[in-house]
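The primary structure of each chain is shown beneath.
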Number of protein chains: 2
Amino acid sequence: MKKYISGATIDRLPIYLRTLQLAEEEGKMIISSEELGRRLDITPEQIRKDLTSFGQFGRKGIGYFVAELKNHIGKILGLDNHWRLAIIGVGHLGAALANYENFTSLGFEISALFDIDERVTGYEINGVKIYDLRKLDSVVKRKNIDIGIITVPAVDAQEVADMLIQAGVKGIWNFAPVKLNVPRNIKLVNEDLTVGLNALSYHLTQESN
Amino acid sequence: MKKYISGATIDRLPIYLRTLQLAEEEGKMIISSEELGRRLDITPEQIRKDLTSFGQFGRKGIGYFVAELKNHIGKILGLDNHWRLAIIGVGHLGAALANYENFTSLGFEISALFDIDERVTGYEINGVKIYDLRKLDSVVKRKNIDIGIITVPAVDAQEVADMLIQAGVKGIWNFAPVKLNVPRNIKLVNEDLTVGLNALSYHLTQESN
């Protein structure tokens, strides 16, 4: 049975998941919607509404069982699928992502890195090889890569996206500050590093008024 | 007159802002809640509700005036405040952020970089000097830095946060995957790079069911 979950709720699921993981690491077994709300700056009502939309994981007056809720959200998010990733563009940002430990711990596997710069191709980061960009098609097909992470300059991003789609990826995570054109069957998530900073700016502005 | 805006709405404002900026770059002058919703995977009803909460920027049957709405959201977010930032930890992620053009275009100024590694201190990125971490207190005070961006390893993050707070920053943007303890008067935003990837995983999972 597939249930409809709204886009805005889906956007919050990874944030719930991360908070539940932190709570688990702190040794918490049960967490209330009030505490989740305090940690996330979301109203407890909104949290209860979100979590009710895919099943009953809380007990009135007790709270949510951290491990149970975390595993269920992980399942909804498809984290048991072990997606294979490729990072295209091994500049500072690409290298930072290639070194980011949390991807592996969530079941994402970085399978290949690509760059056009001959000074870096052939090398490895964390045991993952940096291929020449011209080999993208064959490597993506051979390694069954599901998701391409674009960390090239904005001017090159659309060309890289086209290459990835041609090679058969199902999804693209785009860090380049540009709107990409992709077919409807390709899932695209745009990452914008200014979002967190803007939120901080908002809170500081309210404070100083 | 200050109006109450819910935490969840505030979290969406930077995303609206980014989408309006992209629309403006594409030459759009008016955008409907339906189109905003399509671009963001949020229902048009939610968008109208969010945007109504801080004023009337849409015309029924026409849409929102892109520039006007963008400027207003920018003002709510405090982007005219020209916050001064420092980045602590000039590894790949810190260097990537120091090179990120969009911060400057939104009015954030990166005023100082810090690291403990003598191989990088004294150098500059984009004209901004990398200081020895031991000089943090004096440099933050002298340059009136408002926000500290933490891109050091998780084990060092709390110590760096304490130093920043001691030196007088008002807000912290934390990229280290660890929960920081900060006083109530310090604004803390935690960045989690897995959130976007989790959202992509969700959409791919629904697709393949």
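Conventions used here
- Residues numbered from 1 in each chain as written.
- Chains lettered and ligands numbered in written order.
- Predicted model: local features only at pLDDT ≥ 70, side-chain atom pairs only at ≥ 80, totals over all residues.
- Heavy atoms only, no water.
- Helix = DSSP H or I, 4+ residues; strand = E, 2+ residues; numbered from the N terminus.
- Buried < 20%, exposed > 50% of the residue type's maximum accessible area, 1.4 Å probe, protein only.
- Contact = heavy atoms within 4.5 Å.
- Areas by Shrake-Rupley, 256 points an atom, 1.4 Å probe, with all protein chains shown as cover.
- Lys, Arg positive; Asp, Glu negative; His and termini not counted.
- Charge placed at Lys NZ, Arg CZ, Asp CG, Glu CD.
- Buried area = accessible area lost by both parts, 1.4 Å probe.
- Salt bridge = Lys/Arg side-chain N within 4 Å of Asp/Glu carboxyl O.
- Nonpolar A, V, L, I, M, F, W, Y, C, P; charged D, E, K, R; others polar.
- Axes fitted to C-alpha atoms, helices over the stretch in contact; angles between N-to-C directions.
- Parallel < 35°, antiparallel > 145°, perpendicular 65-115°, else oblique.
- Left-handed = near helix turned anticlockwise from the far one by under 90°.
- Core = buried A, V, L, I, M, F, W, Y, C linked by side-chain atoms within 4.5 Å.
- Least-squares fit on C-alpha atoms with pLDDT ≥ 70 in both.
- Arc of directions from axis to C-beta.
- Expected span 1.5 Å × (residues − 1).

Asks: What is the right way to read the overall build of chain A from this model?
Replies: Along its length, chain A carries nine helices and 10 strands. Here the C-alpha coordinates of chain A stretch approximately 60 × 50 × 35 Å along the principal axes. In chain A, which comprises 209 residues, the share counted as buried stands at 54%. Restricting to contacts in chain A with at least 6 residues of sequence separation, those with at least 24 account for 54%. With an accessible surface of roughly 10,200 Å², chain A has 50% of that area assigned to carbon and sulfur atoms. Taken as two groups, the 25 positive and 26 negative side-chain charges of chain A have centres that lie 7 Å from each other.

Asks: Help me understand the interface of chain A and chain B in this model?
Replies: How big an interface is tends to be stated in terms of the accessible area lost upon association of its parts. If you look at the interface, chain A gives 62 residues, while chain B gives 62 residues. When the two sides are added together, the surface that chain A and chain B hide from each other amounts to roughly 5,900 Å², 68% of it contributed by carbon and sulfur. For chain A, the biggest contributors to the area lost against chain B are A:L193, A:L197 and A:Y202; these three give 12% of the whole. Its salt-bridge partner being B:R18, residue A:D192 comes within 3.2 Å of it at the nearest N-O pair. Among the elements of the structure, α1 (7-25), α2 (33-40), α5 (92-98), α6 (101-105), β9 (171-174), β10 (187-190) and α9 (194-208) of chain A are those that each provide at least two residues to the side of chain A that touches chain B. The residue inventory of the side of chain A that touches chain B, partitioned by class, reads 34 nonpolar, 15 polar and 13 charged.

Asks: Whenever I open this one, the packing of helix α2 (residues 33-40) of chain B against helix α3 (residues 44-52) of chain B confuses me. Can you help?
Replies: Packed helices, taken two at a time, are described by the angle between their axes plus the distance between the axes. Residues and elements named next belong to chain B. In the contact formed by α2 and α3, the axes pass within 8 Å of each other and the chain directions differ by 110°. Accordingly, the angle class assigned to the pair α2 and α3 is roughly perpendicular. By crossing handedness, the relation of α2 to α3 is classed as right-handed. Seen from α2, the contacting residues are S33, E34, L36 and G37; seen from α3, they are P44, I47, R48 and L51. Its residues assigned to classes, the contact of α2 with α3 comprises four nonpolar, two polar and two charged.

Asks: So what exactly am I meant to see when it comes to the nonpolar core here?
Replies: One broad rule of soluble globular proteins: the nonpolar side chains tend to lie buried together. Counting 94 residues, the largest nonpolar core has A:I73, A:F103, A:L113, B:I73, B:F103 and B:L113 as the members making the most contacts within it. Dropping the residues within four chain positions of it, B:L113 is found in contact with B:I87, B:V90, B:A98, B:I125, B:V128, B:K129, B:I130 and B:Y131.

Asks: How do you make sense of the relation of the copies chain A and chain B when you look at a structure like this?
Replies: What relates the pair of chain copies is a rotation about an axis plus a shift along that axis. Superposition of chain A onto chain B requires a rotation of 180° combined with a translation of 0.0 Å along the rotation axis, giving an RMSD of 0.0 Å. The superposition operator between the copies reduces to a two-fold rotation axis. No C-alpha of chain A lies nearer the rotation axis than that of A:H92, which sits 2.3 Å from it.

Asks: Would you mind showing me how to read α3(B) here?
Replies: Side chains that are three or four residues apart share a direction in an α-helix, a result of its 3.6 residues per turn. What α3(B) keeps buried is the set B:P44, B:I47, B:D50 and B:L51. Seen end-on, α3(B) carries its buried residues on one side only, within an arc spanning 125°.

Asks: I would appreciate a short explanation of unusual backbone geometry in the present structure.
Replies: Trans is the common state for peptide bonds, and a negative phi is the common state for residues other than glycine. Positive phi values are uncommon outside glycine, yet A:H82 reaches one of about 50°. Note on placement: A:H82 falls in the loop between α4 (66-76) and β4 (84-88). Its identity is not glycine, yet B:N144 carries a phi of approximately 50°, on the positive side. Among the structural elements, B:N144 can be located in the loop between α7 (136-142) and β8 (147-150).

Asks: In this structure, what is going on with the pattern of salt bridges? I would like to understand it.
Replies: Using the criterion set out here, one finds 26 salt bridges over all chains in the structure. Between A:K70 and A:E24 there is a salt bridge, with its nearest N and O atoms 2.9 Å apart. Within this pair, whereas A:K70 is found in helix α4, its partner A:E24 is found in helix α1, the two being separated by 46 residues in sequence. Linking B:K28 and B:E35 is a salt bridge whose minimum nitrogen-to-oxygen distance equals 3.5 Å. Each of A:E26, A:K28, A:E35 and A:R39 takes part in a single network of salt bridges with overlapping partners.

Asks: Looking at this structure, I do not really get the environment of A:L180. What am I missing?
Replies: Residue and element names in this part refer to chain A. Locating L180 in the fold gives a position in the loop between β9 and β10. Separated by 10 residues in the primary sequence, L180 and N190 have C-alpha atoms spaced 8.9 Å apart. Once you skip the residues sitting within four places of it in the chain, L180 turns out to touch I150, A157, Q158, A161, I172, N174 and L188.

Asks: In this structure, what is going on with helix α8 (residues 154-167) of chain B? I would like to understand it.
Replies: All names here are of chain B. With 14 residues, α8 ought to run about 20 Å at 1.5 Å a step, and its terminal C-alpha atoms sit 20 Å apart, in line with that. Three or more residues of α8 are buried, namely A157, V160, A161, L164, I165 and A167. Buried residues along α8 cover an arc of 155° about the axis, so they all sit on one side. Of the exposed residues in α8, those oriented more than 90 degrees away from the buried face are V155, E159 and Q166. Where the residues of α8 are buried, they touch β4 (84-88), α7, β8 and β9 (171-174).

All we've got here are geometric facts, nothing functional implied.
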